[in-house]
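Inside the fold
Take a look at the letters that make up each chain.
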Amino acid sequence: MLLDYALTTFATLMVVVDPIGLAPVFLSLTQGLPKAARRGIGWRASAIAAAILVATALGGTWLLARLGIGLPAFRISGGLLLFVVAFEMVLGVRPAREAQQATQAAAEHARNIAAFPLAIPMIAGPGAITATLLLAGRAADQPVQLIALIAIIIAVAVICGVTFALAGRVAGALGHTGNVVLSRLLGVVLAALAVQFVIDGIREAFG
């Protein structure tokens, strides 16, 4: 049970965050900066995003309860939102939009690109926050699963930091075609996970 939850959690967050897909965006944001500065920005952005997602995992369910939103309703709506993200990934809309938003934001916030737009919304975006809330809901009343969720969030953030540090090599190794194919495949996987969230929400609501 714990292993299944951990595998699902890792797969979901890796697909939603997509560290490899963020490498070209990171390169465009930090173009012209010294290598040490780029590495620092990458690790800082990953740490900020991890803090946001961990806070979501710890307090998200409590906030939903205060707002009077049941977990089944959030599973259904969150699954639909993740499906939209997956749909954009399959069609190639999401990477292009993120790159455009990142470039515009970098011009306005050159000194704070680690926090915005890298940490928010590139890493800890609506999709990642929604997925974290859904996964935290599945771990309700099970401290071991919640600890596993937090550990996996930190692990994904570390993977993002490593990917940013090696962004030039990663982008060059995959090439344009490799990045496109990988994004499409991850989009299909995320679509399946999103549908499963909706199914689970419907079963819980009407079961």
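Attention here is on the structure that accompanies the text. (Residues numbered from 1 in each chain as written. Predicted model: local features only at pLDDT ≥ 70, side-chain atom pairs only at ≥ 80, totals over all residues. Heavy atoms only, no water.)

**Structural notes on the side chain of S46**
Convention followed: Labels follow the DSSP assignment, with helices taken as runs of H or I lasting at least four residues and strands as runs of E lasting at least two, numbered in each case from the N terminus. Between buried and exposed lies partly exposed: a residue is buried under 20% and exposed over 50% of the maximum accessible area for its type, with that area taken using a 1.4 Å probe on protein chains only. Each polar contact in these results corresponds to two N or O atoms within 3.5 Å; when the atoms are within protein, one needs to be able to donate a hydrogen and the other to accept it, and residues that are neighboring in sequence are counted only if both atoms are side-chain atoms. In what follows, a contact means two residues having at least one pair of non-hydrogen atoms within 4.5 Å.
For S46, the position within the fold is in helix α3 (residues 35–67). On the basis of relative accessibility, which here comes to 3%, the residue S46 falls in the buried class. From its side chain, S46 meets the backbone oxygen of G42 in a polar contact 2.9 Å long. Not counting residues up to four positions away in its chain, the partners in contact with S46 are I123, A157, C160, G161 and F164.

**So, empty space enclosed by the protein**
Over the atoms, a rolling probe the size of a water molecule traces out where space has been left empty. What counts here: Cavity and pocket criteria rest on a 1 Å grid covering protein atoms alone: a 1.4 Å probe that fits but cannot get out defines a cavity, protein on both sides within 12 Å along at least 5 of 7 lines defines an open pocket, and an atom within 4 Å of a point defines a lining residue. Grid points are joined across faces, edges and corners, and a volume is the space filled by probe spheres set on the points.
The final tally for this structure, using the stated rule, is one cavity of 30 Å³ or more. As a volume, the largest cavity reaches approximately 30 Å³. Forming the walls of the largest cavity are V17, A49, A50, L53, I123, I153, V156, A157 and C160. Counting only elements with at least two residues in the lining of the largest cavity, the list comes to α3 and α8 (143–165).

**Observations concerning the nonpolar core**
Counted only if it meets this: Residues grouped as a nonpolar core are buried Ala, Val, Leu, Ile, Met, Phe, Trp, Tyr and Cys residues, joined through side-chain atoms within 4.5 Å.
In terms of nonpolar packing, the biggest core is built from 51 residues, with L13, I123 and L149 touching the most fellow members. Only α1 (2–17), α2 (19–29), α3, α4 (71–91), α6 (114–123), α7 (126–138), α8 and α9 (167–206) provide two or more residues apiece to this core. Setting aside its immediate chain neighbours within four residues, I123 contacts V17, L22, A45, S46, A49, L118, A128, C160 and F164.

**Overview of the packing of α1 against α8**
This is how the line gets drawn: To define axes, lines are fitted to C-alpha atoms, for helices over the stretch in contact only, and angles between the resulting N-to-C directions are given on a 0 to 180 degree scale. Should the near helix be turned counterclockwise from the far one by less than a right angle, the crossing is left-handed, whereas a clockwise turn marks it as right-handed. Residue type decides the class: Asp, Glu, Lys and Arg count as charged, Ala, Val, Leu, Ile, Met, Phe, Trp, Tyr, Cys and Pro as nonpolar, and the leftover types, Gly among them, as polar.
One can describe the packing of α1 onto α8 by two numbers: an axis separation of 10 Å at closest approach and a directional angle of 35 degrees. The handedness of the crossing between α1 and α8 comes out as right-handed. Seen from α1, the contacting residues are L2, Y5, A6, T9, F10, L13, M14 and V17; seen from α8, they are V144, Q145, A148, L149, I152, I153, V156, I159 and C160. Of the residues contributing to the contact of α1 with α8, the split by class is 15 nonpolar, two polar and no charged.

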